[in-house]
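As a plain string of letters, each chain reads:
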Amino acid sequence: MSQSVTIEHLISTSKRRDTSYMNIILFGAPGAGKGTQAVELVKNYHLTHISTGEMFRNAIANQTAMGKVANSYITKGELVPDEVTVGLVKERLAQEDCKNGFILDGFPRTLHQARCLDKLCLELNIQLDFVIDIEVPMNALMERLSGRRVCKVCGASYHILFNQPKVAGECDICHGPLYTRKDDNKESVAVRLNTYQEQTKPLIEYYKNKGILLEINGQQEINDVFQDIVNKIGVNL
């Protein structure tokens, strides 16, 4: 059997013998509510949440083999190469807490990383079951992100539409002034969203072609978004 066929076998949901655990990749643009849904998936399916940022920090703090390599680039202000990032992911997925299912959040970011992940899964005898993409239109994401306001004193977060303070421009907790963070202005938000879409669009097509992509309407109420995920997974809680 060729390697490509074997990889397809590993990621095909029809081959799963045990549906009591799942291995999931979670996609969602900034502001799509990905973090909220990750918490619900972890709580209800007892999965391990693997955030790439946290993975890097823990590997460096624990001075793992790949953590030391990654830190050598970071301390010099250089980008960490894909092969190092993939090595960190492999190191993390091989840990005991991933054996009962995991959510990959923040990886892969490119087609090259996705193909490396396929090979990594083959090596570790891991099956990817679902790629969940929480979809929200660009204009709604702009509204969500650019409407955020933060207290200058205590850091409490508000939103001009969805979580308004009792007094406009004033924090409910400490009465400090509210402001718009630099990365929350419309120009910065647009750059972040465009970058995400450019990076992610090829990945969405890649996993759609593999038959494991679940497209979720992220404009519903939070509980309805999660129920949509549950329904499409097809596993009762």
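Since we're looking at a predicted model, the values are computed, not measured. (Residues numbered from 1 in each chain as written. Predicted model: local features only at pLDDT ≥ 70, side-chain atom pairs only at ≥ 80, totals over all residues. Heavy atoms only, no water.)

### A closer look at unusual backbone geometry
This is how the line gets drawn: Secondary structure elements follow DSSP: runs of H or I no shorter than four residues count as helices, runs of E no shorter than two count as strands, and numbering proceeds from the N terminus.
A cis amide bond links Phe107 with the next residue in sequence, Pro108, at an omega value of 0 degrees. With respect to the secondary-structure elements, Pro108 resides in the loop between β3 (102–105) and α6 (111–124). In the Ramachandran plot, Gln63 falls in the positive-phi region, its phi being about 55 degrees despite a non-glycine side chain. If you trace the backbone, Gln63 turns up in the loop between α3 (52–61) and α4 (65–74). If you check the backbone angles, His175 has positive phi at about 65 degrees while not being a glycine. With respect to the helices and strands, His175 occurs in the loop between β6 (157–159) and β7 (178–179).

### Comments concerning the packing of aromatic side chains
What counts here: Two rings belonging to Phe, Tyr or Trp (six-membered ring only in the last case) form a pair when the distance between their centres is within 6.5 Å. Interplanar angles under 30 degrees mark stacking, angles over 60 mark edge-to-face geometry, and anything in between is tilted. Buried means the residue's accessible area, taken with a 1.4 Å probe over protein chains only, is under 20% of the maximum for its type, while exposed means over 50%, and partly exposed covers the values in between. Only Lys NZ and Arg CZ are tested; either one counts as a charge over a ring when it is within 6 Å of the ring centre and within 35 degrees of the ring normal.
In this structure the tally under the stated criterion is two aromatic pairs. Ring plane angle 45 degrees and centroid distance 6.4 Å describe the contact between Phe27 and Tyr207, whose orientation is recorded as tilted. One end of the pair, Phe27, is in strand β1 (residues 23–28); the other, Tyr207, is in helix α8 (residues 186–209), with 180 residues separating them in the sequence. Across this residue pair, the class does not change: Phe27 and Tyr207 are buried. Seen from their ring centres, Tyr206 and Tyr207 are 5.2 Å apart, and the 80 degrees between their planes marks the pair as edge-to-face. An identical accessibility class is assigned to Tyr206 and Tyr207; each is buried. Taken together, the aromatic side chains of Phe27, Tyr206 and Tyr207 make up a single cluster linked through ring pairs. It is Lys76 that lies over the ring of Tyr73; its NZ or CZ is 5.6 Å from the centre. For Lys152, the ring lying beneath its charged end belongs to Tyr179, and the centroid distance is 5.7 Å.

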